[in-house]
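Remarks on the overall topology
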Amino acid sequence: LHTASHNYKAIYSSIDGYFKDLNRVSDRVYRLTGVKSKVIRFPGGSSNTVSKSYSRGIMSALSVEVVERGYNYFDWNISSGDAGSTTSAKGVFNNVKKGLSKARGNVVLMHDIKSYTANAIEDIIQYGLNNGYEFRKLTYETKPTRHGINN
């Protein structure tokens, strides 16, 4: 689960605001799939600093509160760049390829609303398989990749 609105002001103004948004997306996923997910990613990641504009210390509080409410949150250790200046399938592929490491589990930040990211997936998977990587889904039991909290 990520967000229903991606409205940082609504999400990061308060703990209640965050959970109101999270519950909206959780309820929608449940209606569509029949699955109650407890796996989440904070908008902007747990290390985001934009949240300071709306509530000082909100990420420190939320990172504890989500766990207390039974969620497991994940960040990433590879960025495809599709949330920034990368706007081509080749660029997304190159960013992921450059970030991969066999010395750790790799969690890639990608956005499914970007067509160029979708167009890079097949090449990323083929490269990974050809180079000894495995692809696994994140589950509640997966050891999370997490950033340091900055707010």
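Calculation criteria
- Residues numbered from 1 in each chain as written.
- Predicted model: local features only at pLDDT ≥ 70, side-chain atom pairs only at ≥ 80, totals over all residues.
- Heavy atoms only, no water.
- Helix = DSSP H or I, 4+ residues; strand = E, 2+ residues; numbered from the N terminus.
- Buried < 20%, exposed > 50% of the residue type's maximum accessible area, 1.4 Å probe, protein only.
- Contact = heavy atoms within 4.5 Å.
- 1 Å grid on protein atoms, 1.4 Å probe; cavity = no way out; pocket = protein on both sides within 12 Å on 5 of 7 lines; lining within 4 Å.
- Points joined across faces, edges and corners; volume = space filled by probe spheres on them.
- Nonpolar A, V, L, I, M, F, W, Y, C, P; charged D, E, K, R; others polar.
- Axes fitted to C-alpha atoms, helices over the stretch in contact; angles between N-to-C directions.
- Parallel < 35°, antiparallel > 145°, perpendicular 65-115°, else oblique.
- Left-handed = near helix turned anticlockwise from the far one by under 90°.
- Patch = residues over 30% accessible without salt bridge, like charges linked within 9 Å, V, L, I, M, F, W, Y side chains within 5 Å.
- Areas by Shrake-Rupley, 256 points an atom, 1.4 Å probe, with all protein chains shown as cover.
- Salt bridge = Lys/Arg side-chain N within 4 Å of Asp/Glu carboxyl O.
- Phe/Tyr/Trp six-rings, centres within 6.5 Å; stacked < 30°, edge-to-face > 60°.

We now examine the environment of Val 35. Tracing the backbone through its elements, the reader meets Val 35 in the loop between helix H2 (15-33) and strand E1 (39-40). The exposure class of Val 35 is partly exposed, given its relative accessible area of 46%. With 110 residues separating them along the chain, Val 35 and Thr 145 place their C-alpha atoms 23 Å apart. If we skip the residues at most four places from it in the chain, Val 35 touches Val 29 and Tyr 30.

The next subject is empty space enclosed by the protein. Counting across every chain of the model gives 1 cavity of 30 Å³ or more. In this model, the largest cavity occupies a volume close to 30 Å³. Phe 93, Val 96, Lys 97, Leu 100, Ile 124 and Tyr 127 together form the lining of the largest cavity. Broken down by secondary-structure element, the contributors of at least two residues to the lining of the largest cavity are helix H4 (89-99) and helix H5 (115-130). When residues in the lining of the largest cavity are grouped by element, the largest group, 3 residues, is from H4. For the lining of the largest cavity, the residue count by class is 5 nonpolar, no polar and 1 charged.

A separate point is the packing of H2 against helix H3 (residues 58-68). Between H2 and H3, the least distance of the axes is 10 Å, while the angle of their chain directions is 50°. Regarding the angle of H2 to H3, the classification is oblique. The crossing of H2 and H3 is right-handed. On H3, the residues touching Ile 15, Tyr 18 and Phe 19 of H2 are Ile 58, Ala 61, Leu 62, Glu 65 and Val 66. Split by residue class, the contact of H2 with H3 holds 7 nonpolar, no polar and 1 charged.

On the surface, Ile 121, Ile 125, Leu 129 and Phe 135 cluster together to form a nonpolar patch covering roughly 340 Å² of accessible area. Mapped onto the secondary structure, Phe 135 falls in the segment after H5. Since its relative accessible area comes to 46%, Phe 135 is described here as partly exposed.

What follows deals with the packing of aromatic side chains. For the structure shown, the criterion picks out 6 aromatic pairs. When the centroid spacing of 5.7 Å and the interplanar angle of 80° are considered together, the rings of Tyr 8 and Tyr 12 count as edge-to-face. Residue Tyr 8 and its partner Tyr 12 are both found in helix H1 (residues 8-12); the two are separated by 4 residues, about one turn of the helix. Classification of Tyr 12 as buried rests on a relative accessible area of 0%. Centroid distance Phe 19 to Tyr 71: 6.4 Å. Interplanar angle 45°. Geometry classified as tilted. Within this pair, whereas Phe 19 is found in helix H2, its partner Tyr 71 is found in the loop between H3 and strand E2 (72-73), the two being separated by 52 residues in sequence. When its relative accessible area of 7% is taken as the criterion, Tyr 71 is described as buried.

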